[in-house]
Amino acid sequence: ETGVTQTPRHLVMGMTNKKSLKCEQHLGHNAMYWYKQSAKKPLELMFVYSLEERVENNSVPSRFSPECPNSSHLFLHLHTLQPEDSALYLCASSQGTGRSNEQFFGPGTRLTVL
Amino acid sequence: KQEVTQIPAALSVPEGENLVLNCSFTDSAIYNLQWFRQDPGKGLTSLLLIQSSQREQTSGRLNASLDKSSGRSTLYIAASQPGDSATYLCAGTGYNKLIFGAGTRLAVHP
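Residues numbered from 1 in each chain as written. Chains lettered and ligands numbered in written order. Predicted model: local features only at pLDDT ≥ 70, side-chain atom pairs only at ≥ 80, totals over all residues. Heavy atoms only, no water.

### Observations concerning the pairing of strand β4 (residues 33-38) of chain B
Residue and element names in this part refer to chain B.
- Burial analysis of β4 places six of its six residues in the buried class, the great majority of the element.
- Burial along β4 is two-sided: Leu33, Trp35 and Arg37 and Gln34, Phe36 and Gln38, pointing in opposite directions, are all buried.
- Here six bridges tie β4 to strand β5 (residues 44-50), and the two strands are oriented antiparallel to one another. If you follow Trp35 over to β5, its bridge partner there is Leu48.
- Between the antiparallel neighbours β4 and β5 lie five residues, among them Gly41 with a positive phi of about 70°.
- Sheet analysis places β4 next to strand β9 (residues 86-94), joined by six bridges and oriented antiparallel. Across the sheet, Phe36 pairs through a bridge with Leu89, a residue of β9. (Buried < 20%, exposed > 50% of the residue type's maximum accessible area, 1.4 Å probe, protein only. Helix = DSSP H or I, 4+ residues; strand = E, 2+ residues; numbered from the N terminus. Pairing = 2+ DSSP bridges.)

This is the structure we're talking about:
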């Protein structure tokens, strides 16, 4: 595997379910990100991790819970979601979190909440 | 608040045309400017990254320019092809984040 991978690619869940999204980067980067892309809205940053430590939480509801066990893996745990949380969730990584760092994106997980 | 605006929102052109996509940003704190391509339902593919100290970058038929003083970037696509059809996103790098525009949806028809 190369680059940034995400699983699953598609997920359908009910509002009472608990599920997790997984992201893995094979680039030797130190920073990882979760973004949300809703229909007809710009991508929104959700969380930033640098060296496994959360450095930014962009006012995301607590029903989204990130986890970064090491610099290569990032999870987004989901519970009691709402239909408006249906979106494409994108993971990205970069060498560092400084402003000069280029971000590389995974293919995304298309989430549908029923 | 940092904002990134892309014009036009949608563009439909015949194959072979040269075209320009525009991106403007309101905050001079935006450091670099990155252009991405997104195919329907897919992730983002990085096309060009213009560092703060640079004025432009080129890759094949793509050329991107950056003018921080006016808060503008343009993506020039030469000799467009149907395979160029996608949504093009620009993003400015702030501290710890990328700030995205809403994108330009491009359709190139044969």
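After that view, the rundown keeps rolling.
### Focus on the sheet that holds strand β7 (residues 62-67) of chain B
Residue and element names in this part refer to chain B.
- Strand order in this open sheet of five strands is β1-β3-β8-β7-β6, and the pairing throughout is antiparallel. The open sheet has two free edges, formed respectively by β1 (4-7) and β6 (56-59), since each of these has just one partner strand. Each neighbouring strand pair of the sheet contributes to a mean axis angle of 15°, computed without reference to strand direction.
- Inspection of the sheet shows β6 paired to β7 by four bridges, in the antiparallel sense. If you follow Gln57 over to β7, its bridge partner there is Ala64. (Axes fitted to C-alpha atoms, helices over the stretch in contact; angles between N-to-C directions.)

### Some remarks on the pattern of salt bridges
- Applying the stated rule across the entire model yields four salt bridges over all chains.
- Here Arg37 of chain B ties to Asp39 of chain B by a salt bridge, and the two come within 3.0 Å at their closest N and O atoms. (Salt bridge = Lys/Arg side-chain N within 4 Å of Asp/Glu carboxyl O.)

### Observations regarding the state of the cysteines
- The final tally for this structure, using the stated rule, is two disulfides over all chains.
- With a sulfur-sulfur separation of 1.9 Å, Cys23 of chain A is cross-linked through a disulfide to Cys91 of chain A. Looking along the S-S bond of the Cys23 of chain A-Cys91 of chain A disulfide, the torsion reads about -75°, which is the left-handed sense. In this pair, Cys23 of chain A is assigned in strand β3 (residues 18-25) and Cys91 of chain A in strand β9 (residues 87-94), connecting sequence segments 68 residues apart. Residues Cys23 of chain A and Cys91 of chain A agree in their burial class; the two are buried.
- Between the sulfur of Cys23 of chain B and that of Cys90 of chain B lies a disulfide, 2.0 Å long from S to S. When the S-S torsion is 75°, as for the bridge of Cys23 of chain B with Cys90 of chain B, the disulfide is right-handed. Within this pair, whereas Cys23 of chain B is found in strand β3 (residues 19-25), its partner Cys90 of chain B is found in strand β9, the two being separated by 67 residues in sequence.
- Residue classification places Cys23 of chain B among the buried residues on the basis of a relative accessible area of 2%.
- For Cys90 of chain B, a relative accessible area of 0% translates into the label buried.
- There is no disulfide at Cys68 of chain A, and the cysteine sulfur nearest it, in Cys91 of chain A, is 9.1 Å away. (Disulfide = S-S within 2.5 Å.)

### Thoughts on the side chain of Lys36 of chain A
- Residue placement: Lys36 of chain A occurs in strand β4 (residues 31-37).
- With no salt bridge to any partner, buried Lys36 of chain A finds its closest opposite charge in Asp85 of chain A, at an N-O distance of 4.1 Å. (Lys, Arg positive; Asp, Glu negative; His and termini not counted.)

### Focus: the interface of chain B and chain A
- With 23 residues of chain B at the contact, the number on the chain A side is 23 residues.
- On the surface where chain B and chain A come into contact, there are zero salt bridges.
- Here chain B and chain A share five residue pairs in polar contact (both at pLDDT 80 or more) between them.
- Listing elements by their share of the side of chain B that touches chain A, those giving two or more residues are β4, β5, β9 and β10 (97-100) of chain B. (Contact = heavy atoms within 4.5 Å. Polar contact = N/O pair within 3.5 Å; in protein donor to acceptor, adjacent residues only side chain to side chain.)

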